[in-house]
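So the chains spell out like this:
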There are 2 protein chains.
Amino acid sequence: MRALEGVLPDFHAIIPAGGVGSRLWPLSRAEAPKFLHDLTGSGHTLLRETWNRVLPLAGAEGIMVVTGHAHRAAVEEQLPDLTKANLVLESEPKESSAAIGLAAAILHSRNPEVIVGSFAADHVIADAERFRHTVAEAVAAARSGYITTIGIEPTEPATGFGYIRCGAPLAVDGAPHAHLVDRFVEKPDLDTATAYLESGDHLWNAGMFIARADQLLNQLAETQPELHTGLLDIAAAWDTPRRLEVVTAIWPLLSKIAIDYSVAEPAAAAGRLAVVRGDFAWDDVGDFSSLAKLLSGGRAGDLAILGEGARVLADSSSGVVVSQSGRLISLVGVSDIVVVDTPDALLVTTREHAQRVKSVVDAIRQAGRDDLL
Amino acid sequence: MRALEGVLPDFHAIIPAGGVGSRLWPLSRAEAPKFLHDLTGSGHTLLRETWNRVLPLAGAEGIMVVTGHAHRAAVEEQLPDLTKANLVLESEPKESSAAIGLAAAILHSRNPEVIVGSFAADHVIADAERFRHTVAEAVAAARSGYITTIGIEPTEPATGFGYIRCGAPLAVDGAPHAHLVDRFVEKPDLDTATAYLESGDHLWNAGMFIARADQLLNQLAETQPELHTGLLDIAAAWDTPRRLEVVTAIWPLLSKIAIDYSVAEPAAAAGRLAVVRGDFAWDDVGDFSSLAKLLSGGRAGDLAILGEGARVLADSSSGVVVSQSGRLISLVGVSDIVVVDTPDALLVTTREHAQRVKSVVDAIRQAGRDDLL
């Protein structure tokens, strides 16, 4: 694999840094959401890893981050090279269509030729160089007119991800692995996931979108005209003294809708969506079972430990321990266990039930203990 | 059942308060052993409960406590009515023969007619009035010349206790439930325990011994003559200015042996040991599985919680939580779990593996982290 040389012309990366990651509570909190954590033991937060991964493609001045006001200081600390012009602060969360759409609209107002790529701040990718080659293909497909996503070659019949069914291959210069998208499918059951894996034409939907900003905005205009108009009005005022006034007037009124529904699925239905196959290891680390798998390299029976200076004594135990309290953690005879030890909250569950951690978060909210969320 | 009236003549209770209770780590520690904990949620430590239980039988001046120097302050705080003459401090732990034997020898030197009863400081008994009636029978049997133990009617085929096989009934005034002891049997496997339960003539060995002090000492003289001589020498000096000098010279040399082997088994073999059936609920709370059973009243599927102001959120979980850290503890989908949350150490295991907690304690000791023990 030849190393890519220099940044991709007119390419800007958008990093939406939002979402608490409720299923990773009590590690992930409102004040310290998933993207501000080091979940791989690399020494870097997921946000910083995401920045590092796209930096060679876009350059520091070509990366825009969209996040909440509450995380401004943490984001600036993590990303000292992020330019002031490229930090977009949401006054309240409005889902991915508004977040990515606003970033695209601002970038488009600055450069009508811009190609944008959106990459979540809280995913884990093992092979950054392969990732960048795949993005370069996706940018080539986007440059030739397609709204483009990246689909991950599945390595197991995962039931926690949505899938993309590939259609006909495309003949795009610089994108030999690009196909049309036939359709998106929601998280399947195990039998269906197994059939998808065997079919060879189903890829994991990693939620990455690469497109000319004008085409992304045009697609939004078709399906969400009011949202589109609002975003364009904000973008027109963004680099002027009227920014605060316009944002204050319009942002609270915008629809909350995932970009999958406003852009990706309609584009797929219209034959305008391409997918590039990515054969790098990817995970959205959606729950502690994913985290256990990630940290143990997939070796069942291992006990994975995350935490600086973690002190863990384990006898015949497997699963994952997250240690943030400095206490000694002892496990005896517990299999596929999940123990998350933080200064003010402790979680004990199993990998099997890791998806249900959200129910605890709901219970805490109902109990009015937002200080613990 | 008629209430007992007044204290039993010449009766003294001995409460050996020793033993860390390693299988209850990290709740039980060297500095705060099991007997200094409230394991029932009664608001009293097990030591205080033991004192309260025997107080009507012996009176405050008839209760002697044997403990280590390290626990002197805690014991005095728990038992403000304990007289200075009745507090025996061990300079180093020497097992039950020496602890109980010294107490018996001191009491005998003060009153040759004394009948002593030894009751561990860290057991749990549900019905104090039934317990006292049983002890009164045992004192009657002791008064008539038998070294006497109390055997608990088994309610399940427990494999964690030793058993006593009853022999012929005795005709002792005031002790209608007294039998000769046929033999002691060690902790059985489940099949054997089931057979014991069905036999009707096997009782749990609760480690309680009631005897005239002179007979207990005579039995010790037969089986452990050096230990016996040492204890008598210390007892002779105990209430004199020579106490420290004699204790310092002799105590370190004494043999470590459980009173079961030095007194009970030889007395049984010689036909001198009686047993009185006790039909009160008793538990030695030997591990967290016992604690879970105790706190849930035996209802499997319950989640038992021990700890003042414990904050526990549980979803489809059972077992026991001990909360000492004030943190929120969340459990999701864990069955028969044991979670012990203390400020400097956390234990997670299952009721099935509760006996193996000692292995953690051993590992910590080997790691040189005695501060955590």
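Residues numbered from 1 in each chain as written. Chains lettered and ligands numbered in written order. Predicted model: local features only at pLDDT ≥ 70, side-chain atom pairs only at ≥ 80, totals over all residues. Heavy atoms only, no water.

Novice: Would you take a moment to explain the relation of the copies chain B and chain A for this structure?
Specialist: Relating the two copies of this chain is a rotation about some axis coupled with a shift parallel to it. With an axial shift of 0.0 Å and an RMSD of 0.0 Å, the rotation relating chain B to chain A amounts to 180°. Here the symmetry operator amounts to a two-fold rotation axis. The rotation axis passes nearest to the C-alpha of V348 of chain B in chain B, at a distance of 4.1 Å. Both copies present the same face, since 100% of the interface residues in chain B are matched by interface residues at the equivalent positions in chain A. (Least-squares fit on C-alpha atoms with pLDDT ≥ 70 in both. Contact = heavy atoms within 4.5 Å.)

Novice: Whenever I open this one, the domain arrangement of chain A confuses me. Can you help?
Specialist: How big an interface is tends to be stated in terms of accessible area lost as the parts join. All names here are of chain A. Here chain A is partitioned into domain 1 (11-283) and domain 2 (288-372). When each unit is reduced to the centre of its C-alpha atoms, the spacing between domain 1 and domain 2 is 29 Å. The interface of domain 1 with domain 2 comprises 15 residues on the first partner and 23 residues on the second. Roughly 1,700 Å² of surface becomes buried between domain 1 and domain 2 when both sides are summed, with 63% attributable to carbon and sulfur atoms. Taken as a group, R23, W25 and L27 account for 40% of the area that domain 1 buries against domain 2, more than any other trio of residues on that side. (Domains from an automatic or database assignment. Buried area = accessible area lost by both parts, 1.4 Å probe.)

Novice: Just to check I follow, could you spell out the sheet that holds strand β13 (residues 311-315) of chain B for this structure?
Specialist: Think of a sheet as strands paired side by side through backbone hydrogen bonds, with each pair either parallel or antiparallel. A sheet is described by the order of its strands in space; here six strands give the open sequence β12(A)-β14(A)-β16(A)-β17(A)-β15(B)-β13(B), paired in mixed fashion. The open sheet terminates on both sides in strands that have one partner only, identified here as β12 (303-306) of chain A together with β13 of chain B. Taking the axes of each pair of neighbouring strands and ignoring which way they run, one obtains an average angle of 10° across the sheet. As paired elements, β12 of chain A and strand β14 (residues 319-323) of chain A share four bridges and run parallel to each other. From the neighbouring strand, L306 of chain A faces β14 of chain A, where its bridge partner is V322 of chain A. Against the sheet, helix α10 (residues 288-296) of chain A contacts β12, β14, β16 (337-341) and β17 (345-350) of chain A, and its axis sits at roughly 95° relative to β14 of chain A. Seen against the sheet, helix α11 (residues 357-366) of chain A touches β17 of chain A together with β13 and β15 (328-332) of chain B and runs at an angle of roughly 135° to β13 of chain B. (Pairing = 2+ DSSP bridges. Helix = DSSP H or I, 4+ residues; strand = E, 2+ residues; numbered from the N terminus. Axes fitted to C-alpha atoms, helices over the stretch in contact; angles between N-to-C directions.)

Novice: Hey, could you run me through helix α7 (residues 225-238) of chain A in this one?
Specialist: Side chains three or four residues apart in an α-helix point the same way, a direct result of the helix having 3.6 residues per turn. Residue and element names in this part refer to chain A. A rise of 1.5 Å per residue sets the reference length of α7, with its 14 residues, at 20 Å; its end C-alpha atoms lie 20 Å apart and thus fit the reference within 8%. When α7 is considered as a whole, its buried residues turn out to be L227, H228, G230, L231, I234, A235, A237 and W238. Where α7 is buried, its residues touch β3 (87-90), α3 (95-110), α6 (213-223) and α8 (243-250). (Expected span 1.5 Å × (residues − 1). Buried < 20%, exposed > 50% of the residue type's maximum accessible area, 1.4 Å probe, protein only.)

Novice: Before we go on, may I ask you to explain the side chain of S323 of chain A in this structure?
Specialist: Position of S323 of chain A relative to the elements: it lies in strand β14. Excluding residues within four positions of it along the chain, S323 of chain A makes contact with L306, G307, E308, A310, R311, I329 and D341 of chain A.

Novice: Just to check I follow, could you spell out the sheet that holds strand β13 (residues 311-315) of chain A for this structure?
Specialist: Spatially, β13(A)-β15(A)-β17(B)-β16(B)-β14(B)-β12(B) is the arrangement adopted by the six strands of the open sheet, whose pairing is mixed. Pairing within the sheet leaves two strands with one partner each, and these edge strands are β13 of chain A together with β12 (303-306) of chain B. Taken pair by pair, the neighbouring strands of this sheet meet at an average axis angle of 10°, ignoring direction. As judged from the five bridges shared by strand β14 (residues 319-323) of chain B and strand β16 (residues 337-341) of chain B, these two strands associate in the parallel manner. Residue pairing across strands places V320 of chain B opposite V338 of chain B, the latter belonging to β16 of chain B. Contacts between helix α10 (residues 288-296) of chain B and the sheet are confined to β12, β14, β16 and β17 (345-350) of chain B, with β14 of chain B contributing the most and set at about 95° to the helix. Packing of helix α11 (residues 357-366) of chain B onto the sheet brings it into contact with β13 and β15 (328-332) of chain A together with β17 of chain B, and relative to β13 of chain A it is tilted by some 135°.

Novice: Explain unusual backbone geometry to me, please; I cannot follow it from the model alone.
Specialist: Trans is the common state for peptide bonds, and a negative phi is the common state for residues other than glycine. All names here are of chain A. Between W25 and P26 the backbone carries a cis peptide bond, its omega angle lying at 5°. At D10, a residue that is not glycine, the phi angle is positive and equals roughly 65°. Assignment of secondary structure puts D10 in the segment before β1 (11-17). By relative accessible area, D10 is classed as partly exposed at 35%.

Novice: Quick question: what am I supposed to make of the interface of chain B and chain A here?
Specialist: Contacts between chain B and chain A engage 34 residues on the former and 34 residues on the latter. Here chain B packs against chain A, burying approximately 2,500 Å² in sum over the two surfaces, 58% of which is carbon and sulfur. It is R327, V332 and L346 of chain B that lose the most area in chain B upon contact with chain A, and together they represent 26% of the buried surface on that side. Inspection of the chain B/chain A interface yields four salt bridges. (Salt bridge = Lys/Arg side-chain N within 4 Å of Asp/Glu carboxyl O.)

Novice: I'm lost on the pattern of salt bridges in this one. Help?
Specialist: Any two side chains of opposite charge can pair if their charged atoms end up close together. All names here are of chain B. For the structure on display, the rule yields 38 salt bridges over all chains. Measuring nitrogen to oxygen at the nearest pair gives 3.8 Å for the salt bridge that ties D122 to K34. Taken as a pair, D122 in the loop between β4 (115-118) and β5 (124-125) and K34 in the loop between β1 (11-17) and α1 (46-58) lie far apart in primary sequence, 88 residues in all. Like D122, the residue K34 is buried in the burial classification. A salt bridge links R277 to E153; the shortest N-O distance between them is 3.1 Å.

Novice: How should the packing of helix α1 (residues 46-58) of chain A against helix α4 (residues 128-143) of chain A be read in this particular structure?
Specialist: In a packed pair of helices, the relevant descriptors are the angle between the two axes and the axis-to-axis distance. All names here are of chain A. For the pair α1 and α4, interaxial distance at closest approach is 10 Å and the crossing angle is 45°. The orientation of α1 with respect to α4, classified from their angle, is oblique. Classified by chirality, the crossing of α4 by α1 is right-handed. Here N52, R53, V54, P56 and L57 of α1 come into contact with α4, specifically with A128, F131, R132 and V135. A breakdown of the residues in the contact of α1 with α4 according to their chemical character gives six nonpolar, one polar and two charged. (Parallel < 35°, antiparallel > 145°, perpendicular 65-115°, else oblique. Left-handed = near helix turned anticlockwise from the far one by under 90°. Nonpolar A, V, L, I, M, F, W, Y, C, P; charged D, E, K, R; others polar.)

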